[in-house]
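Close look at the chain arrangement
What follows is the residue order along each chain.
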Amino acid sequence: MSDDLFAAIDALLERPKPADDLPVPAERERLRKAAEYTQEDLAKALKTRRETIVRWEAGTTDPRPPKREVYIAFLATLALQHGTVEPTEWLRRAQDAGLVRATRKAAPLPDAAEAPAPAETTPETPAPVPAATPAAPAPNTVTAPASEPPTPTAQLVMLDQNPDGSLLMTAPLPCVQCGQPSVYRAQGHPMHLGGFCRPSAAPVAVQPTPAAVGTPVAVPRQAATATGPTTAPPNTTPAAAPRPTAAASKTRKAPAKKAAPTAEGPADWELAAAARFPAGPLAVLDVAPSGKGLVAYLADGTQAPTAPAKHTLAAVVEWALEAKFGSPRLHRHGKDGDALVVLTDAALAELGLPRMGRDEKAEFVQRLGQLPKTHKSVKQVEKAGWLLTQRGLGPWARIYRTPEDGKRQCVQLCIPAWGALASGGWTIPDNLPAPDLARLLGTYAKRVLTPRGSTAVSGLELVTALRPPTRAVRTEAGWTSGRVEGSRPKDGFDPAPPEVPDVHPLAQDREADGELVTEAWDWHRPLTDAEKAAPFAVGLDVNMAFLAAAGRLVLPLSGPVHELNPAFDPKTPGSWLADLSGIDTNPLLPSPFTADGSRPTGPGWYSTAKLAYAIELGAKVQPTEGWLRHENGPYLDPWHKRLRQAYVDTMAALGVPLTLADTDPVAFLDAMAAVKQGDPAEVAVLAAIKQTAKGTIGKMRERPRGHGYKPGERWPALDRPTWDPLMRALVIDTATVNLHRKLRKMAADTGLHTIAVLSDCAVFAAPGPGALDILTRPDATLTTSLRLGVSPGMVKFEGSRPMAEVTELIAEGTNPARHMKAGGVVSADE
């Protein structure tokens, strides 16, 4: 018997392992997105479920034959078009197996609608896509252009680099291969990243230096992030591609996903967009140290080589456009960001603009929000042929001209002397020098978005920049506007009656108890005897809780549909009328179904997030009514990813790297305690990022502002595609559910129950005054239910108070979570 088993094991060990014929999971997702196919498109073509594609791209499962070969063919064909950011051994195997389906277009998907060219572009003439060869160079290298078509043995040329290893970027000049602008250099010659352009008829020869020959250079991750994908197949002699199969020939024509504008050339859209703004996103204008003339400081804090020669507002606008200030679009179908010019107090006076005061004729009055249209400064701007938006000439003014030939001409002003940076989520240090102010706002612009007003307004603009509602669509009659997949309609849509605030037109005939009430927790409870005996109360705060909840959260993309007695679907966002009063939850924890943490007393309206959690807790739920959104998707996911990265990068700049809590919890707590003593500019950026995340969610249910409003009237915010109270409710409810789930696990791990919660700050009775006093299990290991760390969704130390003080606060009916920070209420970001 044992001999047979040994023989079987020997046979198993001798069996050759299957070849690694699939790229890594992240590359599978990148290739699909590069060709702008959705997971639904691919699932439909492969006759499988979207969830299967999700698992393939996450690497939790791999496809099995026969779908495996078809999936490899799909990825390999896309890799020839869009490059690969990993070693190409899998691609070589796919070619050797004859799995590449075409050489000119991506693998066609059945029933895929033909995609239009992007906005403000003309269709690109398809060109042959070179096939990869077994001798393909390593990633992040550039093949040397020559007077003859390159061969598989062509020498490699390094892209020029800065001393720190980052790619050298200078003013855009015609690429030696394609003649289109490039900000990169190879041996001092302008050149695009490998594969991002096609050789011209007579490319300029660039001879590699001996040191560069055959030496691939890895592009730093920072450069890759700034310019999009950094690799592509080398410009080698195209290999003969296999003929398309009969099955492929029967499919519809593959969408022209990568049409590029003729003015910008066929380079990647991110690279081309970045090349349009060599001066950066913004400038801070100040009076020169000599007291004569103006100087301009750039986003990196350096001084610009030129400044407006004439000291008029119109001249400033002209100069900003000529210097090519602005920011590249964040989405292929989005719009580039306008230039931002910040005027210091001294520059404001030099340009003849008034200071802030109470005289409406001679000064800027903050109550009015803008200078009167009869003010001489406004007239000067209009006389020069410029226009102002309805916001007029105020703290955040936009000055523009009617677009000519589709080219936008617009400059935004930021005037701190009129209160532009005194509120709205901005916490700018007092008396900050102009170069430091430029660096502060430039850092925010680089990591988040060029400021457009308050941090909340900038957050909403970021959502739209990452999810533009429309794109140009080519029809037989010409170009028209079409919707971008995954975005919300440009004009928005009205929500359901239970979701709107009481002043909304749809709420005027609503029943008294017919509102979906969603607010963050404000809850505390009486102490147990054991808790009263503890010497301290310690608060833990969830980092960026709302931002963490928004990641991959399914949100509405269409208007509500009213249904009676609907079958509950946790994947369908909506409002549901159900009775959750019969659900028993731990009385030592707040109820997750109400804002005050009390147990529901009868039927009420709940979002999908809370109803799904009720089922998770074991309840049997049968809604009697629902307002459902059957078109939905992870609308805020790009916003979440960008803000999360901005937050993590800023914390790292302040001395708190992402992995510090895992490697040294004590060092993490010390570093967090020292954050506010760090670089003042970075501290201000951190506060702005927090307020951007919080303010964006708040703006989704923005109420009317100003005097004279009458309930039942519409107000301007209702027409925004991002105004949707259900989106806000789903984000807040998901954050609440996430915290409740962690509090339950915390009680199971450590035996500790929270005694108070305010939004995302939870307070516990503790034997000591530190975070580790409550995060340590009985076996001396740290609990992961509330995980210490800097990443959004993890927790940090909020503060501690003597239990005697907490007992007094609870006796007075005050939530002690408001007073965990020494001597005051919680900060605005909590």
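Here the structure is a predicted model, which is why all the values come from computation and not from measurement.

In this section: the overall build of the protein. Helix and strand content of the protein: 24 helices and 25 strands. Expressed as a percentage of its 830 residues, the buried residues of the protein come to 50%. The contacts in the protein between residues at least 6 apart in sequence include a share of 70% that link residues at least 24 apart. For the protein, the exposed area adds up to about 38300 Å²; of that, 54% sits on carbon and sulfur atoms.

Turning next to helix α14 (residues 455–466). Over its 12 residues, α14 extends 16 Å from the first C-alpha to the last, a length consistent with the 16 Å expected when each residue adds 1.5 Å. α14 sits mainly inside the fold: nine of its 12 residues count as buried. Of all the residues in α14, the buried ones are T455, A456, S458, G459, L460, L462, V463, A465 and L466. Of the surrounding secondary structure, the elements contacted by the buried residues of α14 are α13 (434–447), α18 (637–653) and α21 (680–699).

With that out of the way, let us pick up the sheet that holds strand β7 (residues 282–287). Hydrogen bonds along the backbone pair up the strands of a sheet, which may run parallel or antiparallel. Pairing in this open sheet of six strands is mixed, and the strands run β8-β7-β9-β12-β11-β10 from one edge to the other. Unpaired on one side and paired on the other, β8 (294–298) and β10 (387–388) mark the two borders of the sheet. Two elements, β10 and strand β11 (residues 396–404), share two bridges in a ladder whose sense is antiparallel. The residue bridging L388 from the neighbouring strand is I399, located in β11. Against the sheet, α13 touches β7, β8 and β9 (339–343), its axis set at about 170° to β7.

The next thing to look at is the packing of α13 against α18. The geometry of α13 relative to α18 is characterised by a closest axis approach of 9 Å and an angle of 140° between their N-to-C directions. As judged from the angle between their axes, α13 and α18 are oblique. In contact with A445, K446 and R447 of α13, α18 contributes R642, A646, D649, T650 and A653. Among the residues making up the contact of α13 with α18, the classes are represented as three nonpolar, one polar and four charged.

Following the sequence through the fold, A671 ends up in helix α20 (residues 665–673). Judged by its relative accessible area of 14%, A671 is buried. Between the C-alpha atom of A671 and that of V656, which follows or precedes it by 15 residues, the distance is 6.0 Å. What A671 contacts, discounting residues up to four positions off in sequence, is G655, V656 and L660.

Averaged over every residue, the pLDDT of the protein is 82; the share at 70 or more is 77%. pLDDT under 50 marks residues 102–157. Its contacts with residues more than four places away, or in other chains, come to 160 contacts. Segment residues 823–830 is flagged for pLDDT under 50; beyond a separation of four residues in sequence, or across chains, it makes 20 contacts in the model.

Turning our eyes to something else, we now look at the packing of aromatic side chains. The geometry of an aromatic ring pair is captured by the separation of the ring centres together with the interplanar angle, meaning the angle of the planes. Going through the model one piece at a time under the given rule, you end up with nine aromatic pairs. Ring geometry for F593 and Y606: centres 6.4 Å apart, planes at 85°, overall edge-to-face. Of the two residues, F593 is situated in the loop between β19 (574–579) and β20 (603–607) and Y606 in strand β20; the sequence distance between them amounts to 13 residues. Judged by its relative accessible area of 4%, F593 is buried. Centre to centre, the rings of Y709 and W715 are 5.8 Å apart; their planes meet at 90°, and the pair counts as edge-to-face. Against the face of W386 rests R401, its NZ or CZ located 3.9 Å from the ring centre.

Two side chains carrying opposite charge are able to pair once their charged atoms lie near each other. A full pass over the atoms with the stated rule returns 40 salt bridges. For the salt bridge of E515 with R701, the shortest nitrogen-to-oxygen distance reads 3.1 Å. Highlighted residues: E515 in the loop between β14 (478–483) and β15 (522–524) and R701 in the loop between α21 and α22 (725–750), separated in sequence by 186 residues. Owing to a relative accessible area of 26%, E515 belongs among the partly exposed residues under this scheme. Here the salt bridges share partners, and the residues they tie into one network are K699, E702, R705 and R720.

How each quantity is defined
Residues numbered from 1 in each chain as written. Predicted model: local features only at pLDDT ≥ 70, side-chain atom pairs only at ≥ 80, totals over all residues. Heavy atoms only, no water. Helix = DSSP H or I, 4+ residues; strand = E, 2+ residues; numbered from the N terminus. Buried < 20%, exposed > 50% of the residue type's maximum accessible area, 1.4 Å probe, protein only. Contact = heavy atoms within 4.5 Å. Areas by Shrake-Rupley, 256 points an atom, 1.4 Å probe, with all protein chains shown as cover. Expected span 1.5 Å × (residues − 1). Pairing = 2+ DSSP bridges. Axes fitted to C-alpha atoms, helices over the stretch in contact; angles between N-to-C directions. Parallel < 35°, antiparallel > 145°, perpendicular 65-115°, else oblique. Nonpolar A, V, L, I, M, F, W, Y, C, P; charged D, E, K, R; others polar. pLDDT = per-residue confidence, 0-100. Phe/Tyr/Trp six-rings, centres within 6.5 Å; stacked < 30°, edge-to-face > 60°. Lys NZ or Arg CZ within 6 Å of the ring centre and 35° of its normal. Salt bridge = Lys/Arg side-chain N within 4 Å of Asp/Glu carboxyl O.

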